[in-house]
Amino acid sequence: MAYNVWQYCEASGDAEFLHTKGAEMLLQIARFWADSATWDEHLGRHRIRGVVGPDEYHDAYPGSEEPGLDDNAYTNVTAAWVLDRALEVLRTLPEPRRRELVERTDLHVGELEQWQDISRTLYVPFHEGVISQFEGYGELAELDWEGYRARYEDIRRLDRLLEAEGDTVNRYQASKQADVLMLGYLFSPAELRSLFERLGYRLDDDTWRRTVDYYLARTSHGSTLSGLVHGWVLARARRAEAWAFCQEALKGDVADLQGGTTGEGIHLGAMAGTLDLVQRGLPGLETRAGALWLDPVPLPELSSYGFSLRYHGHWGVRLRLEHGRLEIAVPASNGAPIDVRLPDRSVRVQPGDTCRLALPAR
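Residues numbered from 1 in each chain as written. Predicted model: local features only at pLDDT ≥ 70, side-chain atom pairs only at ≥ 80, totals over all residues. Heavy atoms only, no water.

### Here we look at unusual backbone geometry
Phase 1 of the analysis: Even without glycine at this site, D71 takes up a positive phi of about 55°.
Phase 2 of the analysis: Structurally, D71 can be placed in the loop between β2 (45-47) and α3 (73-92).
Phase 3 of the analysis: One non-glycine residue with positive phi stands out, namely A289, at about 55°.
Phase 4 of the analysis: Tracing the chain through its elements places A289 in the loop between β5 (286-288) and β6 (291-293). (Helix = DSSP H or I, 4+ residues; strand = E, 2+ residues; numbered from the N terminus.)

What follows is the structure, encoded as structure tokens:
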């Protein structure tokens, strides 16, 4: 919810919403995560314990009678992001609104200092040179993926197969869908590096690539959203496999890839996600710091495509990508110009103008 509030405000420029409902939502969500964190003297870091991450397969440690897992990397990193965003909004609020919000929510200086501290000290586990899905993930057993595929062919619902054998997926390094890699879905590589640096960790390109490969090899894709998210992650990692995952998401209902679910209803989230992948994922489109950021993925299978978007009050901003070129057309209006950031340059496009740019080779 906090991420959606922030993204909406970045894309729309809706300062009124950000200064009222948006600010209060961010504040209360930040308060929730700050209250969820506990200090570990041995680690010298804050931890968030007893959670279930996006994976959904793992809900407890093997043999444990207590549900929940400790230090899910996705949870801890996004919690740190929420705390930082809430502090940023409070710093930039007009003073009358800030004073009103602080008084009404009984927010005190000590809390803000605590948020600042937690946002820099949340623990992120690593193992074998990759980000751990949660503390202890690297100690789980490896699954015989080739053996299970040979026996069952379709292992998307690996949890049910293991349960039928009297086993549990909690014992294995096996995920239903993206968990750690959800970080690469929400945040661009530059944002992700910055988040880890704020937490005191170094996340270089090699570490992230190893992490992507590690979890791709250990994911059964038991959800129609899984291929979509992995396609997005791979697009940001500049890999050709992105298109294969996009196609799988497109086929989800048409080919009934889940084996019987189409009769129960369509996967509307996956359908919308495929459009979002083409509109934002493949062009590397972000709305950040008052600008449109673009870092397109060259895909031979999709050599030419275009779409329109609404941005900061401009209706029908038109983007077209074709053969290493990008065209941006801003409709005529009384609105402000649009700042566009590419990996190698920045341009400003005035309302009524069309800008054509050659894209850097990849």
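### Things to note about the pattern of salt bridges
Phase 1 of the analysis: Applying the stated rule across the entire model yields 26 salt bridges.
Phase 2 of the analysis: As a salt-bridge pair, R31 and E111 come within 2.8 Å of each other at their nearest N and O atoms. Note that R31 is positioned in helix α2 (residues 15-36) and E111 in helix α5 (residues 109-121), a separation of 80 residues in sequence.
Phase 3 of the analysis: R31 sits in the buried class, given a relative accessible area of 16%.
Phase 4 of the analysis: Assessed through its relative accessible area of 10%, E111 is described here as buried.
Phase 5 of the analysis: A salt bridge links R209 to D206; its shortest N-O distance comes to 2.8 Å. Of the two residues, R209 and D206 both sit in helix α10 (residues 205-216), three residues apart, roughly one turn of that helix.
Phase 6 of the analysis: Each of D84, R85, E88 and R198 takes part in a single network of salt bridges with overlapping partners. (Salt bridge = Lys/Arg side-chain N within 4 Å of Asp/Glu carboxyl O. Buried < 20%, exposed > 50% of the residue type's maximum accessible area, 1.4 Å probe, protein only.)

### Some details on the packing of α2 against α5
Working note: a packed helix pair is described by the angle between its axes plus the distance between those axes.
Phase 1 of the analysis: The N-to-C vectors of α2 and α5 enclose an angle of 65°; their axes lie 10 Å apart at closest approach. When the interaxial angle is binned, α2 and α5 end up roughly perpendicular. In terms of crossing hand, the pair formed by α2 and α5 is left-handed. Taken together, the residues of α5 that come into contact with α2 (itself represented by L27, A30, R31 and A34) are E111, Q114, W115 and I118. (Axes fitted to C-alpha atoms, helices over the stretch in contact; angles between N-to-C directions. Parallel < 35°, antiparallel > 145°, perpendicular 65-115°, else oblique. Left-handed = near helix turned anticlockwise from the far one by under 90°. Contact = heavy atoms within 4.5 Å.)

### Focus on the nonpolar core
Soluble globular proteins tend to bury their nonpolar side chains together.
Phase 1 of the analysis: Residues W115, F196 and W208 are the most contacted members of the largest nonpolar core, which totals 97 residues.
Phase 2 of the analysis: Broken down by element, this core gets its largest block of residues, twelve residues, from α3.
Phase 3 of the analysis: Excluding its chain neighbours within four sequence positions, the residues that come into contact with W115 are L27, A30, R31, A34, L83, A86, L87, L90 and L107.
Phase 4 of the analysis: Ranked by size, the runner-up nonpolar core spans eleven residues in total, among them Y57, L143, W145 and I155. (Core = buried A, V, L, I, M, F, W, Y, C linked by side-chain atoms within 4.5 Å.)

### Section: the packing of aromatic side chains
Phase 1 of the analysis: In the structure shown here, the tally under the stated rule is 15 aromatic pairs.
Phase 2 of the analysis: Plain terms: the ring middles of Y61 and F134 are 5.8 Å apart, the flat faces sit at 85° to each other, and that makes the pair edge-to-face. Of this pair, Y61 sits in the loop between β2 and α3 while F134 sits in the loop between β4 (130-131) and α6 (145-152), and the two are 73 residues apart along the sequence.
Phase 3 of the analysis: Residue class for Y61 comes out partly exposed when judged on its relative accessible area of 24%.
Phase 4 of the analysis: On the basis of relative accessible area, F134 is assigned to the buried category, the value being 1%. (Phe/Tyr/Trp six-rings, centres within 6.5 Å; stacked < 30°, edge-to-face > 60°.)

### Notes on α3
Phase 1 of the analysis: Spanning 20 residues, α3 covers 29 Å between terminal C-alpha atoms, matching the ideal 28 Å at 1.5 Å per step.
Phase 2 of the analysis: Taken across its 20 residues, α3 has 17 buried, putting it largely inside the fold. (Expected span 1.5 Å × (residues − 1).)

### Considering the packing of α2 against helix α4 (residues 95-105)
Phase 1 of the analysis: Taken N-terminus to C-terminus, the directions of α2 and α4 make an angle of 45°; their axes are 11 Å apart at the nearest point. In this view, α2 runs oblique relative to α4, as classed from their interaxial angle. Considering only the axes of α2 and α4, their crossing is right-handed. For the pair α2 and α4, the contacting residues are H19, T20, A23, E24, L27, Q28 and R31 in the first and R97, L101, R104 and T105 in the second.
Phase 2 of the analysis: In terms of residue class, the contact of α2 with α4 is built from three nonpolar, four polar and four charged. (Nonpolar A, V, L, I, M, F, W, Y, C, P; charged D, E, K, R; others polar.)

Honestly, it's all geometry; don't read function into it.
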